[in-house]
Amino acid sequence: MSTSYTNPLRDPNDRRLPRIAGPCGLVIFGVTGDLAQRKLIPAIYDLANRGLLPPSFSLIGFARHDFDIEEFAERTKAAAKAGARTQWRDSVWDQLAGGLRFVPGTFDDDAAWLNLASTMKELDQQQGTGGNHAFYLSIPPAFFDVVVSKLKQHGLADPDDDGSWRRVVVEKPFGHDLKSAQKLNAAVAEVFPRESVFRIDHYLGKETVQNILAFRFANGMFEPIWNNHYVDHVQITMAEDIGIGTRAGYYDGIGAARDVIQNHLLQLMALIAMEEPVSFDAGSLRIEKQKILANARPPQRLDLHTARAQYVEGWAGGVEVDGYLGEEGIPPDSLTETYAAIRVDIGTRRWAGVPFYLRAGKRLGRRVTEVAVVFKQAPHLPFSKLEVEELGQNALVMRIQPDEGVTLRFGAKVPGTTMEIRDVNMDFAYGGTFVQSSPEAYERLILDVLLGDPPLFPQHEEVELSWRILDPVIEHWARQKRIDTYPAGTWGPESADKMLARDGRRWRRP
Amino acid sequence: MQIELNDTNASEIARAMVKARIASGSPAMDMVLTFVVITDEDGVADALRDATDLAKEHPARVIGVIRGSGRGAATLDAKVRVGQETSGESVLLRMSGQLVKHAESVVLPLLLPDSPVVVWWPGEAPADPAEDPIGRLAQRRLTDSEASSKPVHALRAVARRYEPGDTDLAWTRLTPMRGLLAAALDQTRSKVRSAELVAGPGNPAAVLLAAWLEDRLRIDVSLTEGSYPHVSEVKLHTDAGDVLIVREADTTTFSVPGASERQVPLVTRTVPELLAEDLRRLDADDVYESTVKHMLEKGTR
């Protein structure tokens, strides 16, 4: 096998041929867990159904269960069927099932690791996975350490020969503060080279990132106003209408800021604020995002420019729901926030004086993620006060989900003989009913890992820089003895409204 | 909303479209292309259904053109539909008399401003798609040689007149098979010396597949007739051993040297799926061009 083989049937001009991953296999640790069952396995099925997995693809499940292979195959099939986005075809499943293996055991059981090693070898020979394997750590972060070191100990982390690869996928949260993130990074870096580590933030699908990049840098008309001459402030919102549901064990003690602001919202902020990268390769993009994250500061007055709260019982979308403290498995004295809002300032020439307001929460009005760039009012309005009474600030809203698209909000004259100006919306949606064929975030993530395409995953510097921004906020909150509340189904606590009111601004209703 | 117009003209049709759009609450504001379907009374129902399905992935203004008899007075009837389970809008034009020779004069004013125009002939294609009066309005011209009474002949005819922007659906149908063959070489990583194909008689996709393999791999490909209507068997002789793909109905067996034989799904796609693949890119398909050029150089097969 030589590394220099170029496949004559692949031509960069041939845009029809799908980018199928080369021969490879995926090992999922924690395959019986919620994430694997609900997301990963269906995504793998959908990829196979779309013909994007190589014929040799194989899947090894590793978990602490005594299934035999039939039982495992049955369960996996049921999970795939339940979660599949695309049409169910038994022929596709049968193909996948041919490469399905199960390795029972715990992480400290060396026999299980030997079993895993021999299963991988066997697949290389029988299925033709060619020594290429990705390890998906779909397990609590507390176990990352031991799994990674066992992979090392059993020689599974190193490729067999120069032509093959080993990769590892780590899910967020990447630590719970700067220190733990650094520790985690060190543990992984000791075993895998940085280009083999894939940190996945499934909230921020690659499609979204690329949409933002295309919008900002493929157009000439937005960039000239994308700065503090024209932009008044930016609001980044991630709202969920659901409560914590069955995630109590994970969520309590973590909270909204660590759960999504640290990774998802700060990444969105970096994409919105960064300078134009010199190219869209992994390195250039990372450099620009890092500049923003390195120059972003938490507010100086943490008491004035942050807000946190918990939902209390109320009516959300026509259903009476419990408050956070009433959810199963939450200690009655928990101070974990389910809503967090912070102001971030970016110290660059472009953004000086333009605050970025980040908010995230559960049990809010509706499920929505968006970035609203709010513009300054025109310096002079040649109208009477009455005429522009209903005119707000122009805004450009990038809707991330649901219904991905762009909304432009501007003033227009109300038809009629009087001069009256009111705000109107102009909407663009990524292709109408297009949703049915745009891939699920996990599908693209898994495919990128198998293709070895890392550009848009944050690397450890970005993770650590994000913690540096958030750590002071979290420490400030940790010193508080009480927490604000908001009724479920509303748009958050009064303290968050006051936080913006202090700056003479108010939250958009998304 | 649906509006029928008899003995009408393009500006009345355009007015009707605006009216229907407003009445339906403007569902069709973000259309990305105009999709012109040229068909006849027998094929119109299927063709419009396929085109509307396609509009789910690519919100489009669909213009169906039926050229009727060339005799008698020039008449134009139209049926405009907006909303109603489509994400775009559609208008069906029925022409007869002298007008059938000037169909483009109706289509031109109905094209969406600025956005691309695609023409599809679901049945027999014109002798020269790029020079056809309506074909000339379009960036992309889609023919379907398999729908012709003499498929291979039809494919060669459009290939001789190839202009950038032309493709034939026989080529689109090949994509999954081509993807599988590329994956086989990803795995085998070995030089291909020759290849054998088995396909149903007069199958244009098989002729294209043979030409593509010859062109890309610089080898000779033999094509023999089988009983399955499409490409049923592909064998690549490589230095490492044979790559073999055998297809029967919906099951396909795939074997490459050094790995055990496997079943792979290679499903037959519907026409809207094929069209959607074609419209994902609106620039010229260079690989198709190179393949049909090779096919013509090679002479009759």
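Residues numbered from 1 in each chain as written. Chains lettered and ligands numbered in written order. Predicted model: local features only at pLDDT ≥ 70, side-chain atom pairs only at ≥ 80, totals over all residues. Heavy atoms only, no water.

### A look at the overall build of chain A
A tally of helices and strands in chain A yields 13 helices and 18 strands. Taking 24 Å as the expected radius of gyration for a compact globule of 510 residues, we find that chain A reaches 25 Å, a close match to that expectation. Going through the 510 residues of chain A one by one, you find that 54% of them count as buried. Contacts in chain A between residues far apart in sequence, at least 24 positions, make up 78% of those at least 6 positions apart. Accessible area of chain A: about 22000 Å², with a carbon and sulfur share of 52%. Positive and negative side-chain charges in chain A, numbering 59 and 68 respectively, have mean positions lying 5 Å apart. (Helix = DSSP H or I, 4+ residues; strand = E, 2+ residues; numbered from the N terminus. Rg over C-alpha atoms; globule rule 2.2 N^0.38 Å. Buried < 20%, exposed > 50% of the residue type's maximum accessible area, 1.4 Å probe, protein only. Contact = heavy atoms within 4.5 Å. Areas by Shrake-Rupley, 256 points an atom, 1.4 Å probe, with all protein chains shown as cover. Lys, Arg positive; Asp, Glu negative; His and termini not counted. Charge placed at Lys NZ, Arg CZ, Asp CG, Glu CD.)

### Some details on the sheet that holds strand 13 (residues 251–255) of chain B
Residues and elements named next belong to chain B. With mixed pairing, the six strands of this open sheet are ordered in space as 10-9-11-12-13-14. Lying at the two open borders of the sheet, with one neighbouring strand each, are strand 10 (220–225) and strand 14 (262–265). Taking each pair of neighbouring strands and ignoring which way they run, the sheet shows an average axis angle of 20°. The sheet contacts of helix 6 (residues 175–188) involve strand 9 (192–199), strand 11 (231–238), strand 12 (241–248), strand 13 and strand 14, and relative to strand 11 the element is tilted by about 25°. (Pairing = 2+ DSSP bridges. Axes fitted to C-alpha atoms, helices over the stretch in contact; angles between N-to-C directions.)

### A few points about the domain arrangement of chain B
All names here are of chain B. Along its sequence, chain B is carved into domain 1 (2–169) and domain 2 (175–265). Taking only C-alpha atoms, the centre of domain 1 and the centre of domain 2 are 36 Å apart. In this complex, domain 1 contributes five residues to the contact, which on the side of domain 2 involves seven residues. Roughly 480 Å² is buried in total at the junction of domain 1 and domain 2, and carbon and sulfur atoms are behind 77% of that figure. Sorting the residues of domain 1 by area buried against domain 2 places Glu-146, Val-152 and Leu-155 first, and these three jointly supply 80% of that buried surface. Applying the counting rule to domain 1 against domain 2 returns zero residue pairs in polar contact (both at pLDDT 80 or more). Taken together, the residues that form the side of domain 1 that touches domain 2 break down as three nonpolar, one polar and one charged. (Domains from an automatic or database assignment. Buried area = accessible area lost by both parts, 1.4 Å probe. Polar contact = N/O pair within 3.5 Å; in protein donor to acceptor, adjacent residues only side chain to side chain. Nonpolar A, V, L, I, M, F, W, Y, C, P; charged D, E, K, R; others polar.)

### Side note on the interface of chain A and chain B
Every contact between the two is made by 37 residues of chain A and, on the other side, 41 residues of chain B. Among the residues chain A hides against chain B, the three largest losses belong to Leu-9, Arg-16 and Pro-55 of chain A. Together they make up 25% of the total. One can count seven salt bridges joining chain A with chain B. Between Asp-278 of chain B and Arg-16 of chain A there is a salt bridge whose closest N-O contact spans 2.6 Å. Sorting the residues of the side of chain A that touches chain B by element identifies helix 3 (90–98) and helix 4 (110–126) of chain A as the ones contributing at least two each. The element that contributes the greatest number of residues to the side of chain A that touches chain B is helix 3 of chain A, accounting for four residues. (Salt bridge = Lys/Arg side-chain N within 4 Å of Asp/Glu carboxyl O.)

### A few points about helix 10 (residues 282–295) of chain A
Residues and elements named next belong to chain A. Across its 14 residues, helix 10 extends 20 Å between first and last C-alpha, which sits within 8% of the 20 Å expected from 1.5 Å per residue. Those residues of helix 10 lying buried are Ala-282, Ser-284, Leu-285, Arg-286, Glu-288, Lys-289, Ile-292 and Leu-293. Contacts from the buried residues of helix 10 go to helix 7 (206–217), helix 9 (255–273), strand 8 (296–297), strand 12 (339–346) and helix 12 (460–478). Two to three positions downstream of the cap, the backbone nitrogen of Gly-283 sits 3.1 Å from a side-chain oxygen, assigning the N-cap of helix 10 to Asp-281. (Expected span 1.5 Å × (residues − 1).)

### Focus on the side chain of Gln-267 of chain A
Residue and element names in this part refer to chain A. The residue Gln-267 is located in helix 9 in this model. Accessibility expressed as a relative area gives 5% for Gln-267, which makes it buried. Discounting residues that sit within four places of it in the chain, Gln-267 has contacts with Leu-204, Lys-289, Leu-293, Pro-458 and Glu-462.

### Some details on the sheet that holds strand 1 (residues 2–5) of chain B
All names here are of chain B. If you walk across this open sheet you meet the eight strands as 1-4-5-3-2-6-7-8, and the pairing is mixed. The sheet is open, and its two borders are formed by strand 1 and strand 8 (166–168), each paired with just one other strand. Neighbour-to-neighbour, the strand axes of the sheet open up by a mean angle of 15°, direction not taken into account. Pairing analysis gives eight bridges linking strand 4 (residues 75–82) to strand 5 (residues 89–96), with the strands arranged antiparallel. Bridging across to strand 5, Leu-76 finds its partner in Met-95. Packing of helix 2 (residues 44–54) onto the sheet brings it into contact with strand 2 (33–39), strand 3 (60–67), strand 5 and strand 6 (117–120), and relative to strand 2 it is tilted by some 165°.

### Considerations on the pattern of salt bridges
Scanning the entire structure with this criterion turns up 48 salt bridges over all chains. A salt bridge links Glu-41 of chain B to Arg-94 of chain B, with the nearest nitrogen and oxygen atoms 2.7 Å apart. Here Arg-94 of chain B lies in strand 5 and Glu-41 of chain B lies in the loop between strand 2 and helix 2, a separation of 53 residues in the sequence. Where salt bridges share partners, they join Arg-16 of chain A together with Arg-140, Arg-269, Glu-277, Asp-278 and Asp-285 of chain B into one cluster.

### Considerations on the packing of aromatic side chains
All names here are of chain A. The tally for this structure, following the rule as stated, stands at 23 aromatic pairs over all chains. Aromatic side chains Tyr-45 and Trp-88 sit 4.4 Å apart centroid to centroid with 20° between the ring planes, which places their arrangement in the stacked category. On the criterion of sequence distance, the pair formed by Tyr-45 in helix 1 (residues 34–49) and Trp-88 in the loop between helix 2 (69–83) and helix 3 is long-range, its members being 43 residues apart. Look at Tyr-45 and you get buried, because its relative accessible area is 0%. Members of the aromatic cluster, connected to one another through ring pairs, are Phe-29, Phe-62, Phe-107, Trp-113, Phe-135, Phe-143 and Phe-192. We note Arg-167 situated over the ring of Trp-165; from NZ or CZ to the ring centre the distance is 3.7 Å. The ring of Tyr-311 is capped by Arg-363, whose NZ or CZ atom sits 5.9 Å from the centre of that ring. (Phe/Tyr/Trp six-rings, centres within 6.5 Å; stacked < 30°, edge-to-face > 60°. Lys NZ or Arg CZ within 6 Å of the ring centre and 35° of its normal.)

### Some details on the nonpolar core
Grouped together as the largest cluster of nonpolar side chains are 106 residues, with contacts concentrated most on Phe-29, Leu-116, Met-269, Phe-356 and Leu-358 of chain A. Of all the elements, helix 9 of chain A adds the most residues to this core, at twelve residues. For Met-269 of chain A, the residues in contact, after removing those within four places along its chain, are Ile-236, Ile-292, Leu-293, Ala-296, Val-344, Ile-346, Phe-356 and Leu-358 of chain A. Of all hydrophobic cores here, the second largest spans 46 residues; its members include Leu-174, Ala-182, Ala-199 and Trp-212 of chain B. (Core = buried A, V, L, I, M, F, W, Y, C linked by side-chain atoms within 4.5 Å.)

### A look at the confidence of the model for chain B
Residues and elements named next belong to chain B. For chain B, per-residue confidence averages 89 on the pLDDT scale, and 96% of positions sit at 70 or higher. Looking across chain B, the model is least confident in strand 14, with a mean pLDDT of 79, and most confident in strand 7 (residues 140–143), with 96. For this predicted complex, the interface confidence comes out at an ipTM of 0.84, alongside a pTM of 0.83. (pLDDT = per-residue confidence, 0-100.)

### Some details on helix 1 (residues 10–23) of chain B
Residues and elements named next belong to chain B. Taking 1.5 Å as the rise per residue, helix 1 with 14 residues should run 20 Å; its terminal C-alpha atoms sit 20 Å apart, in good agreement. Three or more residues of helix 1 are buried, namely Ala-10, Ile-13, Ala-16, Met-17, Ala-20 and Arg-21. Relative to the axis of helix 1, the buried residues are bounded by an arc of 135° and lie together on one face. Along helix 1, the residues that are exposed and aim more than 90 degrees away from the buried face are Arg-15, Lys-19, Ile-22 and Ala-23. The inward-facing, buried residues of helix 1 contact strand 1, strand 3, strand 4, strand 5 and helix 3 (104–107). One or two residues past the end of helix 1 sits Gly-25, with phi positive at roughly 75°. (Arc of directions from axis to C-beta.)

### Quick word on unusual backbone geometry
At the junction of Gln-401 of chain A and Pro-402 of chain A, the peptide bond is cis and its omega measures out at -10° in the coordinates. Among the structural elements, Pro-402 of chain A can be located in the loop between strand 15 (395–401) and strand 16 (405–413). Although it is not a glycine, Arg-363 of chain A sits at a positive phi angle of roughly 55°. Within the secondary structure, Arg-363 of chain A sits in the loop between strand 13 (356–361) and strand 14 (368–375). For Arg-363 of chain A, a relative accessible area of 14% gives the class buried. Positioned with a positive phi, Arg-189 of chain B is a non-glycine residue whose angle comes to about 50°.

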